[in-house]
Amino acid sequence: MTKSNNKANAMWGGRFAAGPDAIMSRINASIDFDKRLYAQDIAGSVAHCRMLVNQGIVSESDGKAILSGLDSILNEIENDSFEFKTVLEDIHMNIESRLRELIGDAAGRLHTARSRNDQVATDLRLWTRDAIDGLDEQLKSLQETLIKLAETHADAAMPGFTHLQPAQPVTFGHHMLAYVEMYGRDRGRFADCRKRLNEAPLGAAALAGTSFPIDRQQTASALGFDHPMANSLDAVSARDFALEFLAAASICVAHLSRQAEELVLWCAPQFGFIRLSDAYSTGSSIMPQKRNPDAAELARAKTGRIFGALQSLLVVMKGLPLAYGKDMQEDKEPVFDAADNLSLTVAAMAGMIGDLTIVPETMRAALEHGFPTATDLADWLVRVLDMPFRDAHHATGAIVGLAEAKGCALAELSLSEMQDVAPGITDDIFSVLSVDASINSRSSEGGTSVENVRGAAASARERFL
């Protein structure tokens with residue numbers, strides 16, 4: 001096994017006479033993934049430095065040099081000229097080491113009154129907050145796409161399903177607005193998560209606070225936090241904000257997966273309700289006729305990764321005593337991966353939905369099967385004949401049985417055939433058995449009538465966009 005040299009470790013100080021084993025260096029280092037925190041880490045350092053100067057803990061000249069050096073490092077990273085070094089373990093030490101190269105000993109003053117423990121907790125909160133803001137904009141855009149479809153196709157009749165069996169007629173617009181509401185709740189969950197995470201760990205130091213006269217209110221405000229965290233142990237230990245983010249992401253991707261599944265079904269010839277554009281379809285290596293909805297299928301599959309990220313971090317955190325444990329280094333990759341894949345999935349769904357073409361005639365033709373206006377018949381028996389609903393349900397089932405035996409629609413039965421089951425039925429029954437009559441009778445709040453759908457789309461625009 002290859003051993004490192006025997007020089008004392010520059011990060012850990014004089015307590016260690018030798019450097020770590022090579023394997024220890026590999027398992028201990030996080031720079032390969034936590035370098036994504038560079039902007040947040042530098043922002044935290046800038047806020048901390050300015051506070052140290054204002055409090056007289058660091059001189060103005062050293063503070064000026066530190067701020068100038070941090071700005072140079074930010075430019076180097078963004079211009080891809082910064083060298084990330086595994087031997088320096090993480091983003092914090094990579095930046096601090098480079099700062100010392102640039103400005104000399106003054107760089108060592110930056111870490112006064114803070115620890116990597118409160119530093120990383122601050123960085124990840126800032127990063128997660130930025131991720132939430134980006135996802136909110138993406139989900140808002142997806143909602144806008146769905147609302148436009150709902151407005152355009154407010155009167156396009158299609159089967160509504162339960163158990164994937166034809167149930168009652170609805171409109172395509174009504175169906176799209178259901179997802180608008182789901183994604184609205186997803187945005188609400190992310191907003192709640194953002195509100196709860198928006199408190200600053202910085203200044204908690206390693207776990208117990210610091211003896212230096214720092215001003216945590218200043219650094220919290222500078223970084224856009226609402227206030228400092230109230231307990232130093234909690235500040236460095238808490239990762240429930242990351243768990244909450246992953247939980248919200250998991251619920252959101254479950255909604256995306258449900259819609260992706262419908263896109264997969266609806267573009268199949270057996271349904272034929274929609275056509276996906278070439279931009280979001282692929283072909284087969286052997287079957288030239290194929291147009292596969294791969295983007296929808298991959299969107300559906302992303303649930304596995306995002307659910308897994310939540311489970312992964314739950315398992316990491318479940319048995320940790322306060323305060324910080326190195327186990328918590330494993331918090332970032334699940335959050336990064338989930339955020340990346342959720343963002344990609346939302347983008348793919350918005351693209352597919354924005355490009356799809358609906359086939360109204362196929363959707364309406366599908367309403368000829370499954371007796372979707374049977375509930376309207378039962379409701380008529382209750383409303384006109386004052387029949388108890390359970391009796392009406394039974395009578396309607398018998399009439400459906402007649403139509404099924406004859407191989408016809410309900411409206412194609414004769415009046416006398418229906419009267420054999422329920423003698424009080426009149427010609428008026430035929431006024432409720434058409435698809436359009438069924439749809440437009442559903443005018444209760446939240447129902448699928450065309451007027452409702454148009455009003456709901458306008459309301460959604462006002463509430464969400």
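Relevant structure appears above.
All of these numbers come straight from a predicted model, not from anything done at the bench. (Residues numbered from 1 in each chain as written. Predicted model: local features only at pLDDT ≥ 70, side-chain atom pairs only at ≥ 80, totals over all residues. Heavy atoms only, no water.)

Undergrad: Mind laying out the overall build of the chain, listing which residues take part and the relevant values?
TA: A count of helices and strands for the chain gives 18 helices and six strands. Against the 2.2 N^0.38 benchmark of 23 Å for 465 residues, the chain shows a C-alpha radius of gyration of 31 Å, more extended than a compact globule. Taken along its principal axes, the extent of the C-alpha atoms in the chain is 100 × 55 × 40 Å. When burial is assessed residue by residue, the chain has 48% of its 465 residues classed as buried. (Helix = DSSP H or I, 4+ residues; strand = E, 2+ residues; numbered from the N terminus. Rg over C-alpha atoms; globule rule 2.2 N^0.38 Å. Buried < 20%, exposed > 50% of the residue type's maximum accessible area, 1.4 Å probe, protein only.)

Undergrad: Any chance you could break down the packing of aromatic side chains for me, citing the residues and the numbers?
TA: How two aromatic rings sit relative to each other is set out by the distance from centre to centre and by the angle between their planes. In the structure shown here, the tally under the stated rule is eight aromatic pairs. With centroids separated by 5.4 Å and ring planes inclined at 85°, the aromatic side chains of Phe271 and Phe273 adopt a geometry described as edge-to-face. Through a chain of ring-to-ring contacts, the aromatic side chains of Phe161, Phe172, Trp266, Phe271 and Phe273 assemble into a single cluster. The side chain of Arg36 reaches across the aromatic face of Phe336, ending 4.8 Å from its centre. (Phe/Tyr/Trp six-rings, centres within 6.5 Å; stacked < 30°, edge-to-face > 60°. Lys NZ or Arg CZ within 6 Å of the ring centre and 35° of its normal.)

Undergrad: So what's going on with the pairing of strand E1 (residues 157–162)? Which residues, and what values?
TA: Examined bridge by bridge, E1 and strand E2 (residues 165–171) share six bridges and lie antiparallel to one another. Looking at the pairing, Phe161 lines up with Pro166 of E2. What sits between E1 and E2 in their antiparallel hairpin is a turn of two residues, with His163 showing a positive phi close to 55°. (Pairing = 2+ DSSP bridges.)

Undergrad: Please set out unusual backbone geometry residue by residue, giving values where relevant.
TA: A cis amide bond links Leu322 with the next residue in sequence, Ala323, at an omega value of 10°. Take Ala323: it is sitting in the loop between helix H11 (294–317) and helix H12 (332–355). The phi dihedral of Asp80 falls on the positive side, at around 60°, and the residue is not glycine. Checked against the element boundaries, Asp80 lands in the loop between helix H4 (60–78) and helix H5 (91–103). Judged by its relative accessible area of 72%, Asp80 falls in the exposed class. With phi around 70°, Glu89 is a residue other than glycine that occupies positive phi space. Position of Glu89 among the secondary structure elements: in the loop between H4 and H5. Residue class for Glu89 comes out buried when judged on its relative accessible area of 5%.

Undergrad: Can you tell me about the nonpolar core, naming the residues and giving the values?
TA: Most often, soluble globular proteins have nonpolar side chains that are buried together. Phe172, Phe190, Phe245, Leu256, Ile274, Leu342 and Leu356 are the most contacted members of the largest nonpolar core, which totals 86 residues. Not counting the four nearest positions on each side in its chain, Phe172 is found in contact with Leu149, His153, Ala156, Met158, Trp266, Ile274, Leu356, Ile358 and Met363. The next biggest cluster of nonpolar side chains, apart from the first, holds 20 residues, and it includes Leu377, Ala392, Cys408 and Leu413. (Core = buried A, V, L, I, M, F, W, Y, C linked by side-chain atoms within 4.5 Å. Contact = heavy atoms within 4.5 Å.)

Undergrad: Tell me about the environment of Asn117, and name the residues and values.
TA: Tracing the backbone through its elements, the reader meets Asn117 in helix H6 (residues 116–152). Taking the C-alpha atoms as reference points, Asn117 and Gly325, separated by 208 residues in sequence, lie 9.4 Å from one another. Filtering out sequence-adjacent residues up to four positions away, Asn117 remains in contact with Ala205, Ala206, Val236 and Tyr324. Within polar-contact distance, the side chain of Asn117 engages the backbone oxygen of Ala206 at 3.0 Å. (Polar contact = N/O pair within 3.5 Å; in protein donor to acceptor, adjacent residues only side chain to side chain.)

Undergrad: Break down the packing of helix H3 (residues 38–54) against H6 for me, citing the residues and quoting the values.
TA: It is at 9 Å that the axes of H3 and H6 come closest, and there the two elements cross at 120°. Viewed along their axes, H3 and H6 adopt a mutual orientation that is oblique. Relative to H6, the crossing made by H3 is right-handed. Residues Gln40, Asp41 and Ser45 of H3 form the contact with H6, whose participating residues are Gln119, Asp123, Leu126, Trp127 and Asp130. Per-class residue counts for the contact of H3 with H6 are two nonpolar, three polar and three charged. (Axes fitted to C-alpha atoms, helices over the stretch in contact; angles between N-to-C directions. Parallel < 35°, antiparallel > 145°, perpendicular 65-115°, else oblique. Left-handed = near helix turned anticlockwise from the far one by under 90°. Nonpolar A, V, L, I, M, F, W, Y, C, P; charged D, E, K, R; others polar.)

Undergrad: How would you sum up the side chain of His153? Please name residues and give values.
TA: Topologically, His153 is positioned in the loop between H6 and E1. In this structure, His153 is in contact with Thr171, Phe172, Gly173 and Ile358, ignoring residues within four places of it in sequence.

Undergrad: Lay out a nonpolar patch on the surface in plain terms, naming residues and giving numbers.
TA: A cluster of nonpolar side chains, Leu207, Leu233 and Leu322, forms an exposed patch at the surface whose accessible area comes to about 270 Å². Locating Leu322 in the fold gives a position in the loop between H11 and H12. Leu322 gets classed as exposed once you look at its relative accessible area, which sits at 62%. (Patch = residues over 30% accessible without salt bridge, like charges linked within 9 Å, V, L, I, M, F, W, Y side chains within 5 Å. Areas by Shrake-Rupley, 256 points an atom, 1.4 Å probe, with all protein chains shown as cover. Salt bridge = Lys/Arg side-chain N within 4 Å of Asp/Glu carboxyl O.)

Undergrad: A description of the pattern of salt bridges should follow, citing residues and the corresponding values.
TA: Between side chains of opposite charge, a pair can form when the charged atoms approach closely. Summed over all chains, the structure comprises 21 salt bridges. Among the salt bridges present, the one from Arg194 reaches Asp133, with a minimum N-O distance of 2.7 Å. With Arg194 in helix H7 (residues 172–197) and Asp133 in helix H6, this pair connects stretches of sequence that are 61 residues apart. One salt bridge in this structure joins Glu261 and Arg300, with 2.5 Å as the shortest N-O distance. In this pair, Glu261 sits in helix H10 (residues 240–266) while Arg300 sits in helix H11, placing the two residues 39 residues apart along the sequence. Assessed through its relative accessible area of 27%, Arg300 is described here as partly exposed. Via salt bridges that share partners, Glu76, Lys85, Arg98 and Glu101 belong to a single interconnected network.

Undergrad: Lay out the state of the cysteines in plain terms, naming residues and giving numbers.
TA: A complete count under the given rule lists zero disulfides for this structure. The thiol of Cys193 is unpaired, and the distance to the nearest cysteine sulfur, on Cys252, comes to 13 Å. Overall, the relative accessible area of 0% leaves Cys193 in the buried class. (Disulfide = S-S within 2.5 Å.)

Undergrad: Any chance you could break down the packing of H6 against H10 for me, citing the residues and the numbers?
TA: Running from N to C, H6 and H10 cross one another at 20°; their axes reach a closest spacing of 11 Å. For the element pair H6 / H10, the angle class is roughly parallel. In this structure, H6 crosses over H10, and the sense of that crossing is left-handed. Residues Ala121, Leu124, Arg125, Thr128, Ala131, Ile132, Leu135, Leu139, Leu142 and Leu146 of H6 lie in contact with H10, whose contacting residues are Phe241, Phe245, Cys252, Leu256 and Gln259. By residue class, the composition of the contact of H6 with H10 is 12 nonpolar, two polar and one charged.

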